[in-house]
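# Fold and contact review
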Amino acid sequence: MKTSTTPFILVFNNLSYSVSTFKEVTLSCMFCQKDTEVLSMSSKSKMLLNDISGEAREGEVLAILGPSGSGKTTLIDALAGRISKESLRGSVTMNGENMESGDLKVISAYVMQDDLLYPMLTVEETLMFSAEFRLPRTLSKSKKLARVQDVIDELGLRDAAKTIIGDEGQRGISGGERRRVSIGVDIIHDPVLLFLDEPTSGLDSSCAFMVARVLQRIALIFLSHGEIVYYGSSMMMNLSLFLSDFGRPIPENDERTEFMLDLCRELEGAVGGRKSIVAGNAKSPLKVSSQKMMKRPNSCLIYSSEYSNGSKHSFTLMLTTFVQHGASQKFANPFWDEIIVLVKRSLTNSKRKPELLLHKIGAVVVVASILASLFWNLDKTEVGVQERTGFFAFMVTTIFFGSSEVLAVFVQDRYIFMRETSYNAYRRSSYNIYRSIIVIPRLLILAFLLASITFWSIGLNGRFPSFLFYFLTIFVSLWAGDSLVILGYIVVVPLIGIFLLFSGFFIHRDRIPTYWIWFHYISIVKYPLQAMLLNEFDDPNVCLVEGVITQNKSCLLTGLDVVRKQDVTDLRKWSCLWITLALGIFYRILFYFALLFGSRNKRK
C-alpha cells in the first residue's frame, strides 16, 4: 500500500448515513362516540451524515468539532469501520485502496470516550500488558519494556508510572493521567491510524500546552447536523478569510474555533442559516489542498486537550499516521500467549484486592456453618432421610444462585473486553478459555470449604471416597454455574428457579408431563442433585430404618429404597458428574459464539 516515497493518505468521499426513527401520529377514532384519538407509529429516516468528504495525510492531525448532536462520533465510527457496509454510503480508502474492516483493525487503533482500565494495575503494568498483547512475540521482553518506557515519557506519565489506575473506591492517578493511559494502551503497537473519541476529556491547560507544542498542523472539519460547514486549515488566515467572505468576520481578540462553534449554534437556530454556510463552504476557494506533510521517524505519539481555554468542546477525531506499518498479521501473538497474558493480568489485578476473595470465603463459611448447625448429625430415620434430601436440594440451589455474584466482575470485564477485541488485541476464543481457567482456583477453595464443613457435621454416609465425590460434585456445579451465569446473565435467576422446578425434587420424573420432560433432562440442577443423592443412598448395605421381628433384626428402609423412591435410577453418580461438567463446557461454547456474534461493537 505504501512505498518509501509515497505517504499514507486516508480519503473519505461522500459518506452518508441515516437511521430509522419512529414518529408519533394521531388518528381519530372512527367508531367512538366521543372525540378520542388513537396513537400509532410511523417510521422516519434521520440523516446523521450527509455527503461528508475529506482526507488525512501522514503526519497530520485531523480534528472534528461541532455542537452536540452534529454527527462527530458518527463520522469517526464511519472512518473506523464501526458502521456496517449495508448502512454506510460512500467510500473510505487508504492510498486509493478500499479499507476492509479486518485490515483496518490491523493498522489502526480506536481510543474510546470512556477510560476502561483495570483499577488495581499500575500505569506501567497496564501499558506492559497492552504491549504483550499488541507487540509480536518475536520482540524480546526488554524491547517491549523499552517501548513502554518511551510511551510513558512521551505521554508525560513518568511520575505516575508506579501508581495504580484506581477507581471510585480506591484512589489512584488523576483523570487526565487516566485519559492519557487509555491513549497509550492503544498506541503501544505504533498504529498507522489512530482514532480518538473525546480524547481531551479531563486534561488540564498544562496538557493542552504540551499538545500545542507537538502539533505542527491542524486540519479542521466543523459539522452541523451531519453536514460540513467548514473544512480546511485552522490557521488564522484561512478561517478568518472564510468567515469574512461569509459576512461574519472574527472580532479582534476572539478565539477562532470558539467563535466558529458559537456561530454554528447560532445558525442552527436561524431559518436557512445552516444551509447558507454549508453552501458557502462548498464554493469556498480556500479549502485546503493536498500538501506535503511532515515526516516523523518511527512512531508519533500524540495526546490532546481542550483546544482553547474555557472550551467545552473537545476534539472528537484525531487521525495520526505513522511511517511504520503495523503488524501484517491479524493478531500479534498465538492464542496460548494471549491466554497466559490474560491470566497474568487478572491475577495481578486481583491480588491487590484480596478482600474480594476473603468476603466470598467468609460468606461461604457462614452459609456452610448455618447448614451444618441446622442439619447437625441427622439420624437414620425416615424423617432424617427427608431432611437429607432437602439438604441436598438446598445445597445445589444455593450453589447456582450464589454463582450470580460473578455478574459484577463480568460486567466490568465485558466493556474492557469489547474495547480490546474491537481492534484485535486478542482472540475471543482466548478470552473464553481464560475465563474458564481463571475461576478454577477460587472455586476449588469455595468447594472444599462447603464440603468439609457440611459433610461430617451433618453425618453424611461414607468415608473419604464419598467425601471426595461430594467435593467434586460441588466444585463442578460451581464451575457450571459460573458458565451459565456469564452466558445468560440477564435471565439467570429465573432460569435457575425453573431448572430446580424440573430437576425431579418437587415432582418426580415419571410424573412430569411428556411435553415438559425435555426440560427435565436439560436442567443443570438435576445432575448434581442426583449425584449427591446417589452418593449418599446408592448402597445396598446401608440400612436407614431398622425393625425388629421376634428375635431377628430387619431393615425397613434401605438406601436403594430411597433411590427408587426419589426416582433417580436412570443414571449412575459418575455419569451425573460428567454430564454436569459437559453442561458447563457446553455453556462456555455458547458463550464463545455469543462473544463472536454479539460483541461486534458496530452500528447497523
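Residues numbered from 1 in each chain as written. Predicted model: local features only at pLDDT ≥ 70, side-chain atom pairs only at ≥ 80, totals over all residues. Heavy atoms only, no water.

An unreviewed UniProt entry annotates the chain as ABC transporter domain-containing protein originating from Papaver nudicaule. Under the Subcellular location (unreviewed entry) heading, UniProt states for the chain: "Membrane". (UniProt positions renumbered as here; feature names shortened; annotations may be inferred.)

Per the secondary structure count, the chain includes 21 helices and eleven strands. Counting only residues that meet the buried cut, the chain has 50% of its 604 residues in that class. If you take every contact in the chain between residues at least 6 apart in sequence, the share linking residues at least 24 apart comes to 76%. Carbon and sulfur atoms make up 58% of the accessible area of the chain, which totals about 29,200 Å². (Helix = DSSP H or I, 4+ residues; strand = E, 2+ residues; numbered from the N terminus. Buried < 20%, exposed > 50% of the residue type's maximum accessible area, 1.4 Å probe, protein only. Contact = heavy atoms within 4.5 Å. Areas by Shrake-Rupley, 256 points an atom, 1.4 Å probe, with all protein chains shown as cover.)

This next bit is on the packing of aromatic side chains. Considering all chains together, one arrives at 25 aromatic pairs under this definition. Their ring planes at 40° and their centres at 6.1 Å tell us that Phe464 and Phe467 sit as a pair that is tilted. Of this pair, Phe464 and Phe467 both sit in helix 16 (residues 464-487), separated by three residues, roughly a single helical turn. For Phe467, a relative accessible area of 6% puts it in the buried group. An aromatic cluster of at least three residues, connected via ring pairs, comprises Phe133, Phe417, Tyr426, Tyr431 and Tyr434. In this structure, Arg82 packs its charged tip against the face of Tyr110, placed 3.9 Å from the ring centre. Between Arg414 and the ring centre of Tyr415, over which it is positioned, the NZ or CZ distance is 5.2 Å. (Phe/Tyr/Trp six-rings, centres within 6.5 Å; stacked < 30°, edge-to-face > 60°. Lys NZ or Arg CZ within 6 Å of the ring centre and 35° of its normal.)

Despite not being glycine, Asn95 has its phi angle at roughly 55°, a positive value. Tracing the sequence through the fold places Asn95 in the loop between strand 4 (88-94) and strand 5 (97-98). A relative accessible area of 23% places Asn95 in the partly exposed class. Although it is not a glycine, Asn377 sits at a positive phi angle of roughly 45°. Assignment of secondary structure puts Asn377 in the loop between helix 11 (354-374) and helix 12 (382-402). When its relative accessible area of 53% is taken as the criterion, Asn377 is described as exposed.

Take the confidence of the model for the chain next. Of all residues in the chain, 78% attain a pLDDT of 70 or more, and the chain-wide mean is 77. Helix 15 (residues 440-458) holds the highest mean pLDDT among the elements of the chain, 93, whereas helix 6 (residues 205-214) holds the lowest, 52. Below a pLDDT of 50 lies the segment residues 211-218, which in the model reaches 16 contacts outside its immediate sequence neighbourhood of four places, other chains included. Low pLDDT (under 50) marks residues 287-328, which in the prediction has 154 contacts with non-local residues, meaning those over four places away or in another chain. (pLDDT = per-residue confidence, 0-100.)

Right, let's talk about the UniProt feature "transmembrane region" (unreviewed entry) in the chain for a bit. Using the residue numbers shown here, the UniProt feature "transmembrane region" (unreviewed entry) corresponds to residues 357-378, 390-411, 432-458, 464-480, 487-507 and 577-598. In this annotation, residues 464-480 is assigned 100% helix and 0% strand; the end-to-end C-alpha distance for the span is 24 Å.

Relative to strand 5, strand 4 runs antiparallel, the two sharing two bridges. Bridge assignment links Thr93 to a residue of strand 5, and that residue is Asn98. Connecting the antiparallel pair strand 4 and strand 5 is a turn made up of two residues, with Asn95 showing a positive phi of about 55°. (Pairing = 2+ DSSP bridges.)

Turning next to the side chain of Ser457. If you trace the backbone, Ser457 turns up in helix 15. At 3.4 Å, the side chain of Ser457 and the backbone oxygen of Thr454 are in polar contact. Those residues within four positions of Ser457 in sequence are excluded, and the remaining contacts are Ala372, Phe375, Trp376 and Asn377. (Polar contact = N/O pair within 3.5 Å; in protein donor to acceptor, adjacent residues only side chain to side chain.)

With 13 residues, helix 5 (residues 175-187) ought to run about 18 Å at 1.5 Å a step, and its terminal C-alpha atoms sit 19 Å apart, in line with that. Counting buried residues in helix 5 gives eleven out of 13 residues, a clear majority hidden from the surface. Every buried residue belonging to helix 5 is among Gly176, Glu177, Arg179, Arg180, Val181, Ser182, Ile183, Gly184, Val185, Asp186 and Ile187, and all of these are buried. (Expected span 1.5 Å × (residues − 1).)

This part covers the environment of Leu261. Tracing the backbone through its elements, the reader meets Leu261 in helix 8 (residues 256-268). For the pair Leu261 and Gly66, spaced 195 residues apart in sequence, the C-alpha to C-alpha distance is 6.3 Å.

In this section: the pattern of salt bridges. Scanning the entire structure with this criterion turns up 22 salt bridges. A salt bridge links Glu124 to Lys162; the nearest nitrogen and oxygen atoms lie 2.6 Å apart. Of the two residues, Glu124 is situated in helix 3 (residues 123-134) and Lys162 in the loop between helix 4 (141-154) and helix 5; the sequence distance between them amounts to 38 residues. The class of Glu124 is buried, set by a relative accessible area of 17%. On the basis of relative accessibility, which here comes to 63%, the residue Lys162 falls in the exposed class. With its nearest N and O atoms 3.8 Å apart, the salt bridge here joins Asp413 to Arg435. With Asp413 in helix 13 (residues 406-421) and Arg435 in helix 14 (residues 428-438), this pair connects stretches of sequence that are 22 residues apart. Assessed through its relative accessible area of 3%, Asp413 is described here as buried. One connected set of salt bridges, linked through shared partners, spans Asp186, Arg345, Arg419 and Glu420. (Salt bridge = Lys/Arg side-chain N within 4 Å of Asp/Glu carboxyl O.)

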